[in-house]
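Structure at a glance
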Amino acid sequence: MGSRRSKDKLNEGETGAFRHGAKYASGRGFREVDPAGGSGRSPAAAPHQQDESELLTVPDGWKEPAFSKEDNPRGLLEESSFSTLFPKYREAYLKECWPLVQKALNEHHVNATLDLIEGNMTVCTTKKTFDPYIIIRARDLIKLLARSVSFEQAVRILQDDVACDIIKIGSLVRNKERFVKRRQRLIGPKGSTLKALELLTNCYIMVQGNTVSAIGPFSGLKEVRKVVLDTMKNIHPIYNIKSLMIKRELAKDSELRSQSWERFLPQFKHKNVNKRKEPKKKTVKKEYTPFPPPQPESQIDKELASGEYFLKANQKKRQKMEAIKAKQAEAISKKQEERNKAFIPPKEKPIVKPKEASTETKIDVASIKEKVKKAKNKKLGALTAEEIALKMEADEKKKKKKK
């Protein structure tokens, strides 16, 4: 590796083979592991000698052996280095935790320098460095520190089974207000959406400015990138979180690992369909004709056609005056008609004779008078003679029953 500072990002999948190239060159058999939970076949083993179920599974708790000094005893040929700038507000924190950064990198024989004047961090290999991929992990470490990730989380990148992804979201949305709303939607109320995403993907996620930094396993980083990009495309993160929860439950079933999960995943459709508004005034295109339109007639052509061109000046003047007088006469007649409208009497409505009241609807005065007389004779709250007689009979019956 050269000593120049490279800004190109290496693919994490490719660098795995580069890092453990010494092992693979030795002729050992290895397995290709599917990130969804399955595994590949060993090229060194013959398919007719082993059972098919053994080839498609990986033993529980299996881990790739760590890269040691025995795998690369001669070290590296040349020195490699990377540097990155950091913002002014991170200067105090980096100055405080820089001894811890140097201590963590010195374990892997990598030097780290902090330049507070220029505002950059630099990492470089030494003669004792035996792991060729550790410089890439050190580069990611200083990038994460520059993106406001705490040292406790950023130092995890030095582990073999942990990777990082810095997603740039600043250029995905043009409108600044819309960008801020969608970024806040990714974080959620009191960070609840981000916390749910961290639990489902086993990744640490940090939203800072125009970037989203994620640290965790490769399968989790893939899901985080998808959710972040979909959120910036105006797809709510709750939809992706629901599908991740279903996938997590389906992965526990050994029978469903080899099957398609599309039938279990929810299909979300857009409810608001933008309909194109039609204009009020529609312009109808005329039929295409290869011939140009006829040239409009000039004033002289019109006078020639009507014969006015050959009239004398006094005759033309007389015609103009007659046309003006005719227009004036029409205007006067219209005004006179409008004035006369006020003197036109309105049409009177025809007189309708009142209908005679029918005998059925007539009020019986005699019956009303009798009711009024009875009401006057009757005291308020007093019983009638018939009611008193009935009450007396009821009391006598009760006395007889008691005897």
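This text follows the structure it describes.
Predicted model only: the values in this text are computed from it and were never measured. (Residues numbered from 1 in each chain as written. Predicted model: local features only at pLDDT ≥ 70, side-chain atom pairs only at ≥ 80, totals over all residues. Heavy atoms only, no water.)

Next up on the list: the overall build of the chain. Check the secondary structure of the chain and you find 14 helices and six strands. Taken over 403 residues, the chain has a buried fraction of 26%. Long-range pairs, those at least 24 residues apart, make up 59% of the contacts in the chain between residues at least 6 apart in sequence. In the structure as shown, the chain presents an accessible area of about 32600 Å², 54% of it carried by carbon and sulfur atoms. (Helix = DSSP H or I, 4+ residues; strand = E, 2+ residues; numbered from the N terminus. Buried < 20%, exposed > 50% of the residue type's maximum accessible area, 1.4 Å probe, protein only. Contact = heavy atoms within 4.5 Å. Areas by Shrake-Rupley, 256 points an atom, 1.4 Å probe, with all protein chains shown as cover.)

For the rest of this paragraph, the subject is the pattern of salt bridges. One pass over the structure, following the stated rule, counts five salt bridges. In this structure, the salt-bridge partner of Asp165 is Arg225, at a minimum N-O distance of 2.8 Å. Placement of Asp165 in strand β4 (residues 163-168) and of Arg225 in helix α9 (residues 218-232) is noted, with a sequence separation of 60 residues between them. (Salt bridge = Lys/Arg side-chain N within 4 Å of Asp/Glu carboxyl O.)

Backbone geometry places Ser148, a non-glycine residue, at a positive phi of 70 degrees. Structurally, Ser148 can be placed in the loop between α5 (134-146) and α6 (151-154). For Lys190, which is not a glycine, the phi torsion comes out positive at approximately 60 degrees.

With that settled, consider the nonpolar core. Among the nonpolar cores identified, the biggest contains 32 residues, and Val101, Leu105, Met121, Val123, Leu144 and Leu145 are the most heavily contacted of them. Taken together, the elements giving at least two residues each to this core come down to α4 (91-106), β2 (110-115), β3 (120-125), α5, α6 and β4. Of all the elements, α5 adds the most residues to this core, at nine residues. The residues touching Leu145, leaving out its near neighbours within four places in the chain, are Arg90, Leu94, Val101, Met121, Ser150, Phe151 and Ala154. If you look at the next biggest cluster of nonpolar residues, it comprises 21 residues, including Ala163, Ile167, Leu221 and Leu244. (Core = buried A, V, L, I, M, F, W, Y, C linked by side-chain atoms within 4.5 Å.)

Here we take up the packing of α9 against helix α10 (residues 237-251). One way to put it is that α9 packs onto α10 with a least axis distance of 9 Å and a crossing angle of 155 degrees. Taken together, the axes of α9 and α10 lie roughly antiparallel to each other. At the point where α9 passes α10, the crossing takes the right-handed sense. Each of Glu223, Lys226, Val227, Asp230 and Thr231 in α9 lies in contact with α10, whose residues at this interface are Pro237, Asn240, Leu244 and Lys247. A breakdown of the residues in the contact of α9 with α10 according to their chemical character gives three nonpolar, two polar and four charged. (Axes fitted to C-alpha atoms, helices over the stretch in contact; angles between N-to-C directions. Parallel < 35°, antiparallel > 145°, perpendicular 65-115°, else oblique. Left-handed = near helix turned anticlockwise from the far one by under 90°. Nonpolar A, V, L, I, M, F, W, Y, C, P; charged D, E, K, R; others polar.)

Before going further, it helps to spend a moment on the pairing of β4. The buried count for β4 comes to five of six residues, which makes it a mostly enclosed element. For β4 and strand β6 (residues 211-216), the ladder comprises six bridges, and the chain directions are antiparallel. Note on β6: the bridge partner recorded for Cys164 is Ile215. (Pairing = 2+ DSSP bridges.)

Moving on, we come to α9. Relative to the 21 Å expected for 15 residues at 1.5 Å per residue, α9 spans 22 Å between its end C-alpha atoms, a close match to the ideal helical length. If you check which residues of α9 are buried, you get Gly220, Leu221, Val224, Val227, Val228, Asp230, Thr231 and Met232. In this structure, the buried side of α9 is in contact with β4, α7 (176-187), α8 (192-201), β5 (204-208), β6 and α10. Phi turns positive, to about 70 degrees, at Asn234, one or two residues after α9. (Expected span 1.5 Å × (residues − 1).)

Where nonpolar side chains cluster on the molecular surface, the patch consists of Ile300, Leu304, Tyr309 and Phe310 and spans about 440 Å² of accessible area. Secondary-structure assignment places Phe310 in the loop between α11 (299-306) and α12 (313-340). Since its relative accessible area comes to 64%, Phe310 is described here as exposed. (Patch = residues over 30% accessible without salt bridge, like charges linked within 9 Å, V, L, I, M, F, W, Y side chains within 5 Å.)

Glancing now at the sheet that holds β4. The strand order across the open sheet built from three strands is β4-β6-β5, with neighbouring strands paired in antiparallel fashion. The open sheet has two edge strands, β4 and β5, and neither has a second partner. Neighbouring strand axes in the sheet, compared pairwise and without regard to direction, differ in orientation by 15 degrees on average.

Honestly, that's just the spatial picture; any functional story needs more than this.
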